[in-house]
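Notes for the structure review
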Amino acid sequence: MKKLMAANWKMYKTREEAAMTIASLKLAVGLPPADREVLVFAPFTAIECVSACLGGADGYAVGGQDLYPAVEGAFTGEISPGQLKDAGATWVLTGHSERRHILGESDELVGRKTAFALSQGLKVVLCIGETLAEREAGQLQAVLARQLKEGLAGVPGDVSAADLAIAYEPVWAIGTGKVAGPAEILEAHATVRAQLAQLLTTGSNLRILYGGSVKPDNTAEIISLDNVDGVLVGGASLQAESFSRIVLA
Ligand code: 13P
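What counts and what doesn't
Residues numbered from 1 in each chain as written. Predicted model: local features only at pLDDT ≥ 70, side-chain atom pairs only at ≥ 80, totals over all residues. Heavy atoms only, no water. Axes fitted to C-alpha atoms, helices over the stretch in contact; angles between N-to-C directions. Helix = DSSP H or I, 4+ residues; strand = E, 2+ residues; numbered from the N terminus. Parallel < 35°, antiparallel > 145°, perpendicular 65-115°, else oblique. Left-handed = near helix turned anticlockwise from the far one by under 90°. Contact = heavy atoms within 4.5 Å. Nonpolar A, V, L, I, M, F, W, Y, C, P; charged D, E, K, R; others polar. Near = heavy atom within 4 Å. Polar contact = N/O pair within 3.5 Å; in protein donor to acceptor, adjacent residues only side chain to side chain. Areas by Shrake-Rupley, 256 points an atom, 1.4 Å probe, with all protein chains shown as cover.

The next point concerns the packing of helix α7 (residues 140-151) against helix α8 (residues 182-199). With their axes 10 Å apart at the nearest point, α7 and α8 run at an angle of 40° to one another. For the element pair α7 / α8, the angle class is oblique. In terms of crossing hand, the pair formed by α7 and α8 is right-handed. Across the interface between the two elements, L140, Q141, L144, A145, L148 and K149 from α7 touch E187, A188, T191, V192, Q195, L196 and L199 from α8. A breakdown of the residues in the contact of α7 with α8 according to their chemical character gives eight nonpolar, three polar and two charged.

See the structure below:
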């Protein structure tokens, strides 16, 4: 399966900035290498524009950063899978640590979002990861196991590996410049792989992305590690210059 090279733009970029970044990215990357897939998680207001700028280019896709698990209804401020698809999204993120820790999302809600998005035909990157306090308390394995079990609770056991990926993003490495070392990534990804194999019949084929201070100069090493099938990039994905170097690393 292709490595998934994903940008998470978080709450950055107007439509014009998004269009300029996508135009520069396409110029710098061209047709992505045969073993790479490029994915941009844009803010809701820029999804349609990113989709139009991509113009169906091979090897690129756009996603939303969150969704609400209902078809429609009185859910002020929320967005449905159908609305995301209508704007051009084919993917969505669930369980990002900023939603868990700043917006207070529970494992249970993340699980409902993940299952519902898949049932509505969106592909999902489910994010998991431990805080520094949890790591220091020796809870790495337990936290990852709980987040995976609850995050995948409603997901069919035979979900296609093309439709679902997991992003391991240690909270202490997000936006801090502190990238997890190879040993830490290997240990966490092996744990995720073992859990996935228990939870899903397709678990050994799902892609597991690493996220947390990924930069152009550390990408090649990170994606060469066992069980690392791509990256989820925040800060270094905002500029086409640095994200294109990550995609091509
Ligand atoms: P940074 O790459 O800025 O550390 O962010 C990682 C992240 O949260 C991607 O979802």
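Right, let's talk about the site of the ligand for a bit. By nearness alone, 13 residues border the ligand, and H96, E169, G175, S213 and G235 come closest of all. Here an oxygen atom of the ligand and a side-chain polar atom of N8 are 3.0 Å apart. At a separation of 2.9 Å, an oxygen atom of the ligand approaches a polar backbone atom of G234. Out of a free accessible area of 300 Å², the ligand has 97% covered by protein chains. Split into classes, the residues belonging to the shell around the ligand amount to four nonpolar, seven polar and two charged.

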